[in-house]
Amino acid sequence: MREVAIVAFGQSVHVRDSAETSEVEMLMPVLHDVLEQTGLAARDIDFTCSGSSDYLAGRAFSFTMALDGVGAWPPISESHVEMDGAWALYEAWVKLLTGEAETALVYAYGKSSPGDVREVLTRQLDPYYVAPLWPDSVALAALQAQALIDAGLTDERVLAGIAARSRTAAESNPHAQLRGVVPAGEHLVAPLRTGDCPPIGDGAAAVVLAAGDTARRLTDRPAWIRGLDHRIEAHALGVRDLTDSPSTRLAAERAGAFARPVDTAELHAPFTSQEVVLRRALKLDAPDSTVRINPSGGALATNPVMAAGLIRLGEAAARIHRGESDRALAHATSGPCLQQNLVAVLEGE
Amino acid sequence: MSKEPVAVVGIGQTRHVAARRDVSLAGLVREAARRALDDAQLTWADIDAVVIGKAPDFFEGVMMPELYLADALGAVGKPMLRVHTAGSVGGSTALVATNLVAARVHRTVLTLAFEKQSESNAMWGLSLPIPFQQPLLAGAGGFFAPHVRAYMRRTGAPDTIGSLVAYKDRRNALKNPYAHLHEKDLTLEKVQASPMLWDPIRYSETCPSSDGACAMILTDRTGAARAPHPAAWVHGGAMRSEPTLFAGKDFVSPQAGKDCAADVYRQAGITDPRREIDAVEMYVPFSWYEPMWLENLGFAEEGEGWKLTESGVTELDGALPVNPSGGVLSTNPIGASGMIRFAEATLQVRGTAGDHQVDGARTALGHAYGGGSQFFAMWLVGADTPGG
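Basis of the calculations
- Residues numbered from 1 in each chain as written.
- Chains lettered and ligands numbered in written order.
- Predicted model: local features only at pLDDT ≥ 70, side-chain atom pairs only at ≥ 80, totals over all residues.
- Heavy atoms only, no water.
- Helix = DSSP H or I, 4+ residues; strand = E, 2+ residues; numbered from the N terminus.
- Rg over C-alpha atoms; globule rule 2.2 N^0.38 Å.
- Buried < 20%, exposed > 50% of the residue type's maximum accessible area, 1.4 Å probe, protein only.
- Contact = heavy atoms within 4.5 Å.
- Salt bridge = Lys/Arg side-chain N within 4 Å of Asp/Glu carboxyl O.
- Polar contact = N/O pair within 3.5 Å; in protein donor to acceptor, adjacent residues only side chain to side chain.
- Nonpolar A, V, L, I, M, F, W, Y, C, P; charged D, E, K, R; others polar.
- UniProt positions renumbered as here; feature names shortened; annotations may be inferred.
- Pairing = 2+ DSSP bridges.
- Core = buried A, V, L, I, M, F, W, Y, C linked by side-chain atoms within 4.5 Å.

A. Looking closely at the overall build of chain B. A count of helical and extended segments in chain B gives 14 helices and 11 strands. In terms of overall dimensions, chain B is globule-like: its C-alpha atoms have a radius of gyration of 19 Å, near the 21 Å expected for 388 residues. Overall size of chain B, expressed as C-alpha extent along the three principal axes, is 55 × 45 × 45 Å. Within chain B, buried positions represent 65% of all 388 residues.

B. Summary view of the interface of chain B and chain A. On the chain A side, the residues contacting the 53 residues of chain B number 55 residues. Between K3 of chain B and E100 of chain A there is a salt bridge whose closest N-O contact spans 2.6 Å. On the surface where chain B and chain A come into contact, there are 17 residue pairs in polar contact (both at pLDDT 80 or more). For the side of chain B that touches chain A, the secondary-structure elements that each account for two or more residues are α2 (65-69), β3 (80-83), α3 (89-102), β8 (232-241) and α9 (255-268) of chain B. Among the residues forming the side of chain B that touches chain A, the class breakdown is 30 nonpolar, 13 polar and 10 charged.

C. Main features of the UniProt feature "domain: Thiolase C-terminal" (unreviewed entry) in chain B. According to UniProt, the feature "domain: Thiolase C-terminal" (unreviewed entry) maps to residues 243-372 of chain B in the numbering used here. The span residues 243-372 of chain B carries 42% helix and 8% strand; its end-to-end C-alpha distance comes to 8 Å.

D. Examining the pairing of strand β4 (residues 108-116) of chain B more closely. Residues and elements named next belong to chain B. Within β4, nine of the nine residues are buried, which leaves it mostly tucked inside the rest of the structure. Residues T108, L110, L112, F114 and K116 line one face of β4 and the alternating positions V109, T111, A113 and E115 line the opposite face, and both faces are buried. The pairing of strand β2 (residues 49-53) with β4 spans five bridges and is parallel. Note that in β4 the partner of A49 across the bridge is V109.

E. Inspection of the nonpolar core at higher detail. Of all hydrophobic cores here, the largest spans 83 residues; its most connected members are I6, L89, W93, L209 and I225 of chain A together with M216 and W379 of chain B. The element that contributes the greatest number of residues to this core is helix α4 (residues 85-97) of chain A, accounting for 10 residues. Counting 53 residues, the second largest nonpolar core, distinct from the first, contains V148, Y289, V322 and Y369 of chain B.

F. Up close: the pairing of β2 of chain B. Burial of β2 of chain B is extensive: five of the five residues sit out of reach of the surface. Taking every second residue as pointing to the same face, both faces of β2 of chain B are buried, with A49, V51 and G53 of chain B on one and V50 and I52 of chain B on the other.

G. Structural context of the pattern of salt bridges. Residue and element names in this part refer to chain B. Tallying each qualifying case throughout the model produces 48 salt bridges over all chains. In this structure, D250 and R154 form a salt bridge, with 3.0 Å as the shortest nitrogen-oxygen distance. Of this pair, D250 sits in the loop between β8 and α9 while R154 sits in helix α5 (residues 139-155), and the two are 96 residues apart along the sequence. Relative accessible area serves as the criterion here: at 23%, D250 is assigned to the partly exposed category.

And the structure:
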């Protein structure tokens, strides 16, 4: 298989409300950042792919305007997934594997501030039987958390510990929205407290991918994608074991994550309880494990919907770029209660 | 490095209609997928990955419907990718699926695109007001009509050309059992007498609103060897994008469309598309786009496209049949329309297009576009394996 690497990663400062900035304005500095890191101009990029959701913006075709931020003239080879940017990265990776492109620009953005994101996300549920009941994203995550507690797999104290560890780690992340000591707070939807839930934020992220020697030329230490896979599960919560994530486990297997231990894991777990599920699925809970989980603070510190998964891949790659990791796992999720999961394994040279 | 040759071994469509009240969204997509599997004589277990596409989520009011549709498409436990590139999405979706096979990431992939316009209202789905931005000017027709005018002014095309295209496509649709509009009594005079909607675009020169889905099974060399029917082969595929609005944009013949076609022809080794391509399934939602795209795609010199149409070259029995299926003018489940173009081109080279088969078709182009003539996706399929 052709060698492909993440050679640059950039992200915005994530904020609660970016009403004064358009999506293009939010995105452009990030795009310029990753291009400057590699010395490439937009016209040098062979393929561009983005991830976003019309429902956050509250209008159809919202991605068409964001494309203007790339400087899409002369015409570019370009595509878009209505998914988290992690899946846009997947599409770009496949394109590079065909040999039709040497470089790719991947970006994602999401503004949750124009609406009530908890209500907006109810629209991704079964439109005939479930969505009309408006069960929101926190309530669904709480169902999952309660299932974990009932199964004896975690408790509220452990969950609070995950929250504290994540936000302490985020203190050294200048892009994070929520940092340092955050009170566990009251129950938002029992058993989840405000501290178990992610911040609601607006933000953008971008990466540059390159193949083989092009990657080596563009950066000193490329983060090579050794494996990348994603899997989806049934939609209805009633037919899934919410305490487990077989799709994550299968994606990790296919990506080669279990072949050798990783030293870093960037997990896309917006709720503390979801980290418990993912750690089990990814076998990160060995007593002697030295793996660093979410050194960036993870989605509990920064959760711009649609970009948060791509940021996990970017953060893992950036640690490899900086020499802080030799083999890292990155994970992204989509859908209620971890329905769809993507796993990448990244390595330094 | 060499790519894996990609074959189309299964095609399924729903019978497209204004409203499929008898099925849910899941029921609709499963019907098309099931037919594609049957065509390929494969089962759900043979599919390694699913790639789906549709136009904006607002059209049905479901955010990221791939999540809900995972079960209906047999995707549980598999990779599922959702593409959205506006009106070109059906084409882009097929190309993303093609790349999965070409890159040898997966061997057999189900790709599907759909729209169930009756679940909602596409006009309103496109008309959510955004401050400080240009509204869509009363639907897509309002946006495209001035560019048709520009074409007429630039080329001197007589104002009868649009009605010829509509009359041709609607007659072709009568031969296609899956087409939405079957206007048995239509005459050229009736097209020309239909109400003016957005001058110069008349009612009978516009596409309908349809419910429908289209699916294809793509596979590698080994999969094609096992296929029960002759496979069609992908000889080239490309996507190109340009901004919606900018100074200097040529709305009549966008550069992105020209570049996209040139890339496909280069991949397929086509040097004279007019002579070397036997059938074209072109995205023509408003009749005047046939002559416009004939030029944009290199089938005619600039300013000459309307002459091809007028001379009958693009008729089903002409030298370059365009939209033998009846095209978007007869069937428009928006998100699926691009994939239907790709699939219909494929039916032609497989020789399985039924009553609207072009005799001896060996090479066909599928074309899709979207947004404000800014997103393009095309593929060229052939009866022969690429490289012989």
